[in-house]
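Secondary and tertiary structure notes
Listed here are the chains, written in short residue letters.
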Amino acid sequence: QVQLVESGGGLVQPGGSLRLSCDASTDLLSNYAMGWYRQAPGKQRELVATITRDGTTNYSGSVKGRFTISKDNAKNTVYLQMNSLKPEDTAVYLCNTVSPRARVAWGQGTQVTVAS
């Protein structure tokens, strides 16, 4: 069974930066578009960044210009560089495939808290 392990979250002040990592136990990245999602308390899960098999990226309007998604296929790892963080970015961040049909079991996610 494919496992996804997210890491790199933490507490950061507004305007700060974090880099998240998502390690996949198998070669998902070469076969599927991958995405970073986030879920804040009481809100629906939101897709914030995607990267296709060939490396094309896309972002939601709320993070565009501040977040950068990248990947290392050899390491089966997807990254999310988050800059200029805002309190509204506070959420649990998770990664998974973009296509629901290719979805694998969700990992635990990594908590990002932006507060002064």
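Just so you know, the residues in each chain are numbered from 1, in the order the chain's sequence is written. For this predicted model, a pLDDT threshold of at least 70 governs which residues receive local features, and a threshold of 80 or more governs which side-chain atom pairs are given and counted, while totals over whole chains, interfaces and linings are taken from all residues. Where side-chain values are given, they derive from all heavy atoms of the structure, hydrogens and water being excluded.

Another aspect to go through is the sheet that holds strand β1 (residues 4-7). In this scheme, strands are said to pair when DSSP sees at least two bridges between them. Secondary structure elements are taken from DSSP: a helix is a run of H or I of four residues or more, a strand is a run of E of two residues or more, and numbering for both begins at the N terminus. Judged by pairing direction, the sheet is antiparallel, and its 4 strands sit side by side in the order β1-β3-β8-β7 without closing on themselves. Across the chains shown, the open sheet's two edge strands, defined by having one partner strand only, are β1 and β7 (67-72). Neighbour-to-neighbour, the strand axes of the sheet open up by a mean angle of 15 degrees, direction not taken into account. Pairing analysis gives 4 bridges linking β1 to strand β3 (residues 18-24), with the strands arranged antiparallel. Following the sheet pairing, E6 is matched in β3 by C22. Here an angle of 0 to 180 degrees is reported between the N-to-C directions of two axes, which are lines fitted to C-alpha atoms, with helices fitted over the stretch in contact.

As a further point, take the packing of aromatic side chains. Pairing of aromatic side chains here covers Phe, Tyr and the six-membered ring of Trp, requires ring centres within 6.5 Å, and sorts the geometry by plane angle: under 30 degrees stacked, over 60 edge-to-face, intermediate tilted. Counting across every chain of the model gives 1 aromatic pair. Aromatic side chains Y37 and W106 sit 5.1 Å apart centroid to centroid with 85 degrees between the ring planes, which places their arrangement in the edge-to-face category. Of this pair, Y37 sits in strand β4 (residues 34-39) while W106 sits in the loop between β9 (91-97) and β10 (110-114), placing them 69 residues apart in sequence. Exposed residues in this analysis have more than 50% of their type's maximum accessible area, buried residues have under 20%, and partly exposed residues fall in between, with area computed by a 1.4 Å probe over protein chains only. Y37 sits in the buried class, given a relative accessible area of 7%. Only when the NZ atom of a Lys or the CZ atom of an Arg is both within 6 Å of the ring centre and within 35 degrees of the ring normal do we say a charge sits over the ring. The residue whose ring lies beneath R19 is Y79, and the NZ or CZ to ring-centre distance is 4.0 Å.

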